[in-house]
Amino acid sequence: MTVRTIPENTGSTLPSASAAGGLASRFDRDGYAVLPGVLTPDEVTELRAETVRICRGERGVVEGALPPVAGESDDDTVRRFLCVHYPHKLSALMLDTMRHPAVVGPLTEVIGPDVKSMQSMLFVKSEGKPGQAWHQDEMFIPTRDRSLTAAWLALDDATVDNGCLWVLPGSHRPGVIYPNREHDDARYDCTVESYDFPYDESDAVPVEIAAGSVLLFNGYLLHKSLPNTGRRGFRRALVNHYMSAASLLPWAAPEAEQPMAQADFRDIVLVAGRDPYAYKGTAGIRMPRVRRDRAGGCDR
């Protein structure tokens, strides 16, 4: 597949979601869509500053984080992290960004009117840090209705050199979770990789996007990232996962004597519409933590 030149005004490898038939049709066909310029430069700057505060421990405890070093620069503090899980539980700004109207509006077009979120991840990925091998998010976060959707918000320009995402367009459409296996490829952090799928590396497309832009992609879409090979600098991104609020989320073992079909993870944030299961309440189950090197992807 030929990769088209990045348009100067959008930072995207392909036309934006608003072009060529609209967001819903593009998303349904390709499994992903780029939303250019979702955040203003000032909003991006503030999220970068908030990243420093989180990494310094100023927003609360991050399980597994080393204490800050006296006199260390902001960049060197952040550089010690690969990813912080659940930053929205530490930061009102991260929570507000999870609910940002410019993100939630498009989500209602591809998911439906009722949308909830269950996870946020703050990636830093400084120079030399690894990527993740081919995988599907729904392998880690199972929904009942195939509605899982990631919103990958770039806090730096994401390029091939610094480790942008690569996708296999249309790989979501069969609705198949492909097998996975352990690997020892030093290019990747995640300890498992998907394999035995009917697509070639030559089909892969790099999605280079500008800071402030968002990549939406389906939970069944095969995607990966490569290491940050830049000489100096970050590829920071805030990644939130969403799904239909009408779907149960069997992300943890069911309670005693509860059928698996009724399992429903309730550590969620409603971002649009109504929650048909609001009568169950919500629960604080997962806590903010660092992703240790080689520790894998989403919570399993």
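Note: the structure precedes this text.
Residues numbered from 1 in each chain as written. Predicted model: local features only at pLDDT ≥ 70, side-chain atom pairs only at ≥ 80, totals over all residues. Heavy atoms only, no water.

A.B. asks: So what about the nonpolar core? Which residues, and what values?
C.D. replies: Ile54, Val103, Leu122, Val214, Leu216, Tyr242 and Val271 are the most contacted members of the largest nonpolar core, which has 37 residues in total. Per-element accounting of this core gives the leading share, five residues, to helix H2 (residues 41-55). Apart from residues lying up to four places away in sequence, valine 103 is in contact with Val38, Ala151, Val214 and Tyr242. Residues Val34, Ala158, Phe197 and Val207 belong to the second largest nonpolar core, which totals 32 residues. (Core = buried A, V, L, I, M, F, W, Y, C linked by side-chain atoms within 4.5 Å. Buried < 20%, exposed > 50% of the residue type's maximum accessible area, 1.4 Å probe, protein only. Helix = DSSP H or I, 4+ residues; strand = E, 2+ residues; numbered from the N terminus. Contact = heavy atoms within 4.5 Å.)

A.B. asks: Explain the side chain of glutamate 127 to me, and be specific about the residues and the numbers.
C.D. replies: On the secondary structure map, glutamate 127 appears in the loop between strand S3 (115-123) and strand S4 (132-135). Polar side-chain contacts of glutamate 127 include one of 2.9 Å to the backbone nitrogen of glycine 233. Dropping the residues within four chain positions of it, glutamate 127 is found in contact with Arg79, Asn228, Gly230, Arg231, Arg232 and Gly233. (Polar contact = N/O pair within 3.5 Å; in protein donor to acceptor, adjacent residues only side chain to side chain.)

A.B. asks: For the side chain of aspartate 267, give the residues involved together with the corresponding values.
C.D. replies: For aspartate 267, the location among the structural elements is in the loop between strand S12 (237-244) and strand S13 (269-272). For aspartate 267, a relative accessible area of 9% gives the class buried. Reaching out from aspartate 267, the side chain makes a polar contact with the backbone nitrogen of isoleucine 285 at a distance of 2.7 Å. A distance of 2.9 Å separates a polar side-chain atom of aspartate 267 from the backbone nitrogen of arginine 286. If sequence neighbours within four positions are ignored, aspartate 267 has contacts with Lys89, Ser117, Met118, Ala283, Gly284, Ile285 and Arg286.

A.B. asks: Can you break down the packing of helix H1 (residues 23-30) against helix H5 (residues 101-110) residue by residue, with the values?
C.D. replies: Between H1 and H5, the shortest axis-to-axis distance is 9 Å and the interhelical angle comes to 65 degrees. Crossing geometry of H1 relative to H5 is assigned as right-handed. Counting all contacts with H1, which are made through Leu23, Ala24 and Phe27, the residues of H5 involved are Pro106, Glu109 and Val110. Among the residues forming the contact of H1 with H5, the class breakdown is five nonpolar, no polar and one charged. (Axes fitted to C-alpha atoms, helices over the stretch in contact; angles between N-to-C directions. Left-handed = near helix turned anticlockwise from the far one by under 90°. Nonpolar A, V, L, I, M, F, W, Y, C, P; charged D, E, K, R; others polar.)

A.B. asks: Talk me through H5; I want residue IDs and the actual numbers.
C.D. replies: Within the span of H5, buried status applies to Val103, Val104, Pro106 and Leu107. Take H5 and look down its axis: the buried residues cluster within an arc of 165 degrees, on one side only. One or two residues past the end of H5 sits glycine 112, with phi positive at roughly 135 degrees. (Arc of directions from axis to C-beta.)

A.B. asks: Which residues make up H1, and what are the values?
C.D. replies: Along H1, the residues classified as buried are Leu23, Arg26, Phe27 and Asp30. What you see down the axis of H1 is that its buried residues fit within an arc of 100 degrees, all on one side. Where H1 is buried, its residues touch strand S1 (32-35), H5, strand S5 (149-154) and strand S10 (214-218). Downstream of H1 by one or two residues, glycine 31 has phi in the positive range, about 85 degrees.

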